[in-house]
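Architecture and fold: a report
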Amino acid sequence: MQQLQADFRDPRCARPVDFAEPDAPYRVVGSLDERGFAVVAMAEPGPPEAKLAALSAALRLGSPYVPALYRFAETKEHSASYSDIRSDPKDRHPAFSTTAGQSWHVDGLLDAIGHIRTTILYCVRPAHRGGDTLLFNAVAAFAELRDKDPAAADALCSPDALSRRSTIPAIDVSTTGPVFSVDGRGDLVTRYTDNETCTWNFSAGPPGGLRRALAFLRAATDDPRYRLALRLAAGQALVFRNDRLSHGRQSYEDGPNGRRHLVRALYTEGPTAPT
Ligand SMILES: [Fe+2]
């Protein structure tokens, strides 16, 4: 997997692909293979849903996927194919509706590791201040750990290493699984998350391994080879491999000209270019 060799210090990483260019789908797919994400500049204003539909069709992602967490009666209010992410005091979602920062996570708290392959965030309006989206090349950091400390890497692959529990007040559900795994295609996948939803099982795997692994990953999230902060402009979309990268967000402030507004869609497919 090319992404294991990616270096996020490369200034080409954040350079947007112009969706109006005829070779845009190939360039986006190439960027996702190389580094796990791409920034895409969408042409002219228009409804965010239409932008997401055009982009997902060009990348052959199929229909948007509603995560398992949002299929309960208690969480149905969050079950849209396209989720609005903006501050809203009336919305009780602990992450979508606040201006607080978000720690490292993958989308799909209850879904099996690797199930949600792609996330797209379309920016309608950036924050007045702050609000960068943060990306962590989790699989590349894991590959480095596997070379340096195989027992620690083994602990991360233990099937009971990490439980994640929903923090949505209406419902108490959780799922347990490995932090890294190899999928049916032989590719590394991750659900590395380090936030208030997590319970780590430090008895999983070789003794002491999970503690060392977690310390390594936490340090790696500050390593500029693996960590990138991106500020999306209005009309830009960030496409990323949710099964290979972890992501987060800086806290932000809304300004007098409107609230920060992103629209999110999830897909179980990885992007492929037309043949
Ligand atoms: Fe997220």
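In what follows, the structure referred to is the one given above.
Rules used in this analysis
- Residues numbered from 1 in each chain as written.
- Predicted model: local features only at pLDDT ≥ 70, side-chain atom pairs only at ≥ 80, totals over all residues.
- Heavy atoms only, no water.
- Phe/Tyr/Trp six-rings, centres within 6.5 Å; stacked < 30°, edge-to-face > 60°.
- Helix = DSSP H or I, 4+ residues; strand = E, 2+ residues; numbered from the N terminus.
- Buried < 20%, exposed > 50% of the residue type's maximum accessible area, 1.4 Å probe, protein only.
- Pairing = 2+ DSSP bridges.
- Axes fitted to C-alpha atoms, helices over the stretch in contact; angles between N-to-C directions.
- Parallel < 35°, antiparallel > 145°, perpendicular 65-115°, else oblique.
- Left-handed = near helix turned anticlockwise from the far one by under 90°.
- Contact = heavy atoms within 4.5 Å.
- Nonpolar A, V, L, I, M, F, W, Y, C, P; charged D, E, K, R; others polar.

A look at the packing of aromatic side chains
- If you walk through the whole model with that rule in mind, you get five aromatic pairs.
- Their ring planes at 50° and their centres at 5.7 Å tell us that Trp104 and Phe136 sit as a pair that is tilted. Of this pair, Trp104 sits in strand E4 (residues 102-105) while Phe136 sits in strand E7 (residues 133-136); the two residues are 32 residues apart in sequence, bridging distant segments of the chain. Each member of the pair, Trp104 as well as Phe136, carries the same accessibility label: buried.

A word on the pairing of strand E13 (residues 227-230)
- Taking every second residue as pointing to the same face, the buried face of E13 carries Leu228 and Leu230, while none of Arg227 and Ala229 on the other face is buried.
- Sheet topology note: the E7/E13 ladder contains four bridges and is antiparallel. Opposite Thr133, over in E13, you have Leu230 as the bridge partner.

Considerations on the packing of helix H3 (residues 138-148) against helix H5 (residues 209-220)
- Across the interface, H3 lies against H5 with an axial gap of 10 Å and an inter-helix angle of 135°. With respect to H5, the element H3 is oriented oblique. H3 and H5 meet at a crossing whose hand is right-handed. Touching Ala141, Glu144, Leu145 and Lys148 of H3 are Ala213, Phe216, Leu217 and Ala220, all from H5.
- Taken together, the residues of the contact of H3 with H5 break down into six nonpolar, no polar and two charged.

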